[in-house]
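Residue-level listing of the chains:
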Amino acid sequence: MGRLFVVNLEGKIYSCKHCKTHLALYEDIISKSFHCKHGKAYLFNKVANVSTGETEERMMMTGKHTVADIFCVSCGSIVGWRYETAHEKSQKYKEGKSVLERFKISGPDGSNYWMSSHGRHIGGSDADEA
């Protein structure tokens, strides 16, 4: 497969909850108002240390988008998705941006989110929202 090069970020870092690989910086958050099947998700202007899967059309809450899942380069865990194309004019700002699912990443303070067996949020913190 070759040598794996991982970028180490500096600042308030979001990382893979499985292997702690750096994924994004707090300062690159565009919105914390996104949702996924596991709960909260954040839209980032840029992310690091991810690989991109195959693109596919998905009907999302805001309309049809062409997206690709993104994976941690170190452990291969899916951590979110990347917007390739937004089909609605009002959603074009998402193109080229990535969403990290809060359930799958650790926050800058090391916090995690957990889900119950019924899919409801039951714990964790997000001190960076204060």
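A quick note: this is a predicted structure, and the numbers were derived from the prediction, not measured.

Novice: Explain the pattern of salt bridges here, please?
Specialist: Two side chains carrying opposite charge are able to pair once their charged atoms lie near each other. A complete count under the given rule lists 5 salt bridges for this structure. The partner of E56 in a salt bridge is R58, with the nearest N and O atoms 2.6 Å apart. A salt bridge links K104 to E101; the shortest N-O distance between them is 3.5 Å. Of the two residues, K104 and E101, both sit in the buried class. A single network of salt bridges, built from pairs that share partners, joins E56, R58 and D69.

Novice: Sorry if this is basic, but what is going on with the packing of aromatic side chains here?
Specialist: Remark: the centre distance and the inter-plane angle together describe each pair of aromatic rings, the angle taken between the planes. Under the definition given, this model contains 4 aromatic pairs. Taking the centre distance of 6.3 Å and the plane angle of 75° together, the rings of W81 and Y83 count as edge-to-face. Both residues of the pair, W81 and Y83, belong to the buried class. Site record: aromatic cluster; members linked through ring pairs are Y14, Y42 and F44. Residue placement shows K12 over the ring face of Y26; its charged tip is 4.2 Å from the ring centre. Stacked on the ring of F103, the Lys or Arg K17 has its end atom at 3.9 Å from the ring centre.

Novice: So what exactly am I meant to see when it comes to the side chain of N49 here?
Specialist: Along the chain, N49 falls in the loop between β4 (39-44) and β5 (50-60). Note on N49: relative accessible area 8%, which makes it buried. Here V7 takes part through its backbone oxygen, which lies 2.7 Å from a polar atom of the side chain of N49. A distance of 2.7 Å separates a polar atom in the side chain of N49 from the backbone oxygen of H22. Setting aside chain neighbours within four positions, we find N49 in contact with F5, V6, V7, T21, H22, L23, F71, C72 and V73.

Quick notes on the rules
Residues numbered from 1 in each chain as written. Predicted model: local features only at pLDDT ≥ 70, side-chain atom pairs only at ≥ 80, totals over all residues. Heavy atoms only, no water. Salt bridge = Lys/Arg side-chain N within 4 Å of Asp/Glu carboxyl O. Buried < 20%, exposed > 50% of the residue type's maximum accessible area, 1.4 Å probe, protein only. Phe/Tyr/Trp six-rings, centres within 6.5 Å; stacked < 30°, edge-to-face > 60°. Lys NZ or Arg CZ within 6 Å of the ring centre and 35° of its normal. Helix = DSSP H or I, 4+ residues; strand = E, 2+ residues; numbered from the N terminus. Polar contact = N/O pair within 3.5 Å; in protein donor to acceptor, adjacent residues only side chain to side chain. Contact = heavy atoms within 4.5 Å.

Structural measurements only, silent on function.
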